[in-house]
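# Inside the fold
Okay, here's what each chain looks like letter by letter:
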Amino acid sequence: MRTRRLALTAAAVAALAATATACGPDNSDAGSTAASPAATAAAPTGAAPTGAAPTKAATMPKSPAAPSSPAADKSGYGQTCGANDLVLGAKAESQAGGYILITAKAKPGITCTLPGAHPTIAFGSGGIEAAGAEHATGDPITLSGTKTAYAGVMSKTTKDNQAVEFTDAIVGIGNADPNPASVPVGRTPVDKPIVTNWHTLPKDAVPGI
C-alpha cells in the first residue's frame, strides 16, 4: 500500500492541488490542485493548410525522461482507459450512511476498457488513499458513447471527529495512471476512506453493502 500511495502522490502532485480544512482544531491539510495536462497534438509533416482542423493526436508522455506508457500511444479505440480518456463526475449519496458515487463515461470518439478492480482514489497532497472495499475483482467494463461505470467512495469509516475536509478527489485508473484527474466532491470529511470496484449499475457501487 505504501508503494501505491507514493506512486499516486507523485502523479497527483504534478496534476493537482486539493484544498483541505480540518473538522477539528489544528487538523487542516492544504492540498494542491491543478488541471490534468492537456494532450499534446502531434505536429503534422509540412505546413498545414490555413484553417485546417487539427487531427486527434496521441497523448504524449509528461517529459522526455518519462517512461513510455499505454497512454502515450492510444489510438482512441480498444485501449485500457486512463483518467484522461474519461468524463468523470461525483455525486453525494445518503445510502449506507453517506458516500460519494463516482461516474465515468468515455470521452467522445473514445472506446476503452476499465479493469474490474477499483479506481485509485486519493485526497490531498499527502495522498490519503482509499483502500479497496471489495476482496474480489469483477469483469472489465468497456465504455463507449453513453455507457457509464460507477464506483462508490466512503470517505470516512472511523467514528471520531478528527477527519480532514477536502473539496476534491484525485481519481486514477490504476496506480500507474500518468494523468490522474481532479474531481470536485464538495466539502467531504476524510479518514480511512474505502472505494468499491467499477460497476455497471449504481446500486452495486454502494460501499459497505
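Residues numbered from 1 in each chain as written. Predicted model: local features only at pLDDT ≥ 70, side-chain atom pairs only at ≥ 80, totals over all residues. Heavy atoms only, no water.

## Thoughts on the overall build of the protein chain
Along the protein chain, the regular secondary structure elements total one helix and 13 strands. Along the protein chain, from the amino end to the carboxyl end, the secondary structure elements read α-β-β-β-β-β-β-β-β-β-β-β-β-β. Across the 209 residues of the protein chain, 40% fall into the buried class. In the protein chain, 71% of the contacts between residues at least 6 apart in sequence involve partners at least 24 apart. Summed over its atoms, the accessible surface of the protein chain is roughly 10,900 Å², and 57% of this surface lies on carbon and sulfur atoms. (Helix = DSSP H or I, 4+ residues; strand = E, 2+ residues; numbered from the N terminus. Buried < 20%, exposed > 50% of the residue type's maximum accessible area, 1.4 Å probe, protein only. Contact = heavy atoms within 4.5 Å. Areas by Shrake-Rupley, 256 points an atom, 1.4 Å probe, with all protein chains shown as cover.)

## A short note on the pairing of strand E11 (residues 164-172)
Counting buried residues along E11, eight of its nine residues qualify, which places the element largely inside the surrounding structure. As paired strands, strand E6 (residues 120-123) and E11 are joined by three bridges and run antiparallel to one another. Residue Thr-120 lies in a different strand from E11, and its bridge partner there is Gly-172. Examined bridge by bridge, E11 and strand E12 (residues 181-190) share seven bridges and lie antiparallel to one another. (Pairing = 2+ DSSP bridges.)

Geometric values such as these leave the question of function open.
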